[in-house]
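Observations on chain architecture
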Amino acid sequence: GALVGMQADAIRGLDAEYEQHDRVARDPEAAAQHARNQAFKRQHNAVQKGVANAHAKYEERRGHCEALKDQVRLSTEALDKQRAGNARVSSEIAKLESLETPENREDMALLLQLVTINEELKQQEEAFREHCRQQRGELKGRLERFEESGGLPEEDMERLKMVEETYDAETAKLERLRQMVAIKTQEIHMLKRKIDDIPTRPELVQYERRFVELYEQVATKLDETRRYYTKYNTLTDTQKFMTKEISVLNSIFKQYPQVVANEGQKRSFVDQMETIRKGVQDNSDRIQAKLTDDKAKREQLSDRLNKVVERQR
């Protein structure tokens, strides 16, 4: 029944078209109008087709432009990261070079080498990540397109499986590289701490200046203490000698009236006085000799001090 209905509709359409052609054939003006209408339809269809093609090209180029914009954005971000990393490395290298001394020059060279290796590994890691993301995105897009078109062929499935295995292997390699970078970073931090523990040349100069000041203060205090001790010993010796002198004078004063009348006691008294005089003279000679010896030692020490001062200059 449906087939018969469709044939009847086709017959009626052909009948209407035949009547239209017959009317156009009998009426020249209608024929001209029909020709103009057909030409307009052809032009309209051509214009619509041109608009559709232009719109398709526009969409295609817009998609390409968006992709280029994304690439430019990613490249700009990567460039900014690279510049920031270079600036950070330059700053760190400048800081490390300011801490360099002849004593830690080898450690500084090793540290700079490790810092450079660390930054290169970071850059390689970032580039590898970006490459993996791009490749993964491309593969996902291809996978979606192939799934929409009915699935992947067996050859492409094998290739995708190989790519996934490669990705897993590279991910494991990346993890090992991260561990290596972590170990190198720990070594760098340890070297930085060691370098920080080493005093710099200005600090050493400051320490030396402070030690010299402390030495001068101690030396001044020592000289002052020695003068006090010397003065005390001198006064003690003076007091002892004066005490002996007073004792001798008192003894002479007491004995003199008793021995002046007796000639034998007088002679014995004179002998005692002579013995006392000799003892005093011996003490005076010993003190004089000690004074001369101390002066000689003082001159020797003064000469040694002058030589040391000249050597420091």
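Residues numbered from 1 in each chain as written. Predicted model: local features only at pLDDT ≥ 70, side-chain atom pairs only at ≥ 80, totals over all residues. Heavy atoms only, no water.

A tally of helices and strands in the chain yields 6 helices and 0 strands. Mapped in sequence order, the helices and strands of the chain form the string α-α-α-α-α-α. Taking contacts inside the chain between residues at least 6 apart in sequence as the whole, the part at least 24 apart equals 59%. (Helix = DSSP H or I, 4+ residues; strand = E, 2+ residues; numbered from the N terminus. Contact = heavy atoms within 4.5 Å.)

In this section: the packing of aromatic side chains. A complete count under the given rule lists 0 aromatic pairs for this structure. A cation sits over an aromatic face here: Lys 240 above Phe 241, 5.6 Å from the ring centre. (Phe/Tyr/Trp six-rings, centres within 6.5 Å; stacked < 30°, edge-to-face > 60°. Lys NZ or Arg CZ within 6 Å of the ring centre and 35° of its normal.)

Attention now goes to the pattern of salt bridges. What the rule picks out here adds up to 7 salt bridges. As a salt-bridge pair, Arg 129 and Glu 125 come within 2.9 Å of each other at their nearest N and O atoms. Of this pair, Arg 129 and Glu 125 are both found in helix H3 (residues 105-148), 4 residues apart, which corresponds to roughly one turn of the helix. Among the residues examined, Glu 125 registers a relative accessible area of 18% and is labelled buried. (Salt bridge = Lys/Arg side-chain N within 4 Å of Asp/Glu carboxyl O. Buried < 20%, exposed > 50% of the residue type's maximum accessible area, 1.4 Å probe, protein only.)

The next point concerns a nonpolar patch on the surface. On the surface, a cluster of nonpolar side chains totalling about 400 Å² of accessible area is made up of Leu 204, Tyr 207, Phe 211 and Leu 214. Note on placement: Phe 211 falls in helix H5 (residues 201-259). Under the relative-accessibility criterion, Phe 211 is labelled exposed at 59%. (Patch = residues over 30% accessible without salt bridge, like charges linked within 9 Å, V, L, I, M, F, W, Y side chains within 5 Å. Areas by Shrake-Rupley, 256 points an atom, 1.4 Å probe, with all protein chains shown as cover.)

So, about the nonpolar core. Soluble globular proteins: nonpolar side chains tend toward being buried together. Counting 7 residues, the largest nonpolar core consists of Met 108, Leu 111, Leu 114, Val 115, Ile 188, Leu 191 and Ile 195. Those elements that place two or more of their residues in this core are H3 and helix H4 (154-197). Broken down by element, this core gets its largest block of residues, 4 residues, from H3. (Core = buried A, V, L, I, M, F, W, Y, C linked by side-chain atoms within 4.5 Å.)

Mean pLDDT over the chain works out to 78, with 81% of the residues at or above the 70 mark. Here helix H1 (residues 2-26) stands out as the least confident element of the chain, with mean pLDDT 56; H5 is the most confident, with 88. (pLDDT = per-residue confidence, 0-100.)

Taken together, the side chains of Glu 158, Glu 164, Glu 165 and Asp 168 present a region of like negative charge at the surface. Mapped onto the fold, Glu 158 is located in helix H4. Since its relative accessible area comes to 49%, Glu 158 is described here as partly exposed. (Lys, Arg positive; Asp, Glu negative; His and termini not counted. Charge placed at Lys NZ, Arg CZ, Asp CG, Glu CD.)

Next up on the list: the side chain of Asn 118. Counting through the fold element by element, Asn 118 comes out in helix H3. Apart from residues no more than four positions distant in its own chain, Asn 118 is found in contact with Val 181, Thr 185 and Ile 188.

Here we take up the packing of H5 against helix H6 (residues 263-312). The N-to-C vectors of H5 and H6 enclose an angle of 170°; their axes lie 11 Å apart at closest approach. The angle between the axes of H5 and H6 places the two elements in the roughly antiparallel class. Judged by residue contacts, Phe 241, Val 248, Ile 252, Gln 255, Tyr 256, Gln 258 and Val 259 of H5 engage Gln 265, Lys 266, Phe 269, Gln 272, Met 273, Ile 276 and Ile 287 from H6. Partitioned by chemical class, the residues of the contact of H5 with H6 number 9 nonpolar, 4 polar and 1 charged. (Axes fitted to C-alpha atoms, helices over the stretch in contact; angles between N-to-C directions. Parallel < 35°, antiparallel > 145°, perpendicular 65-115°, else oblique. Nonpolar A, V, L, I, M, F, W, Y, C, P; charged D, E, K, R; others polar.)

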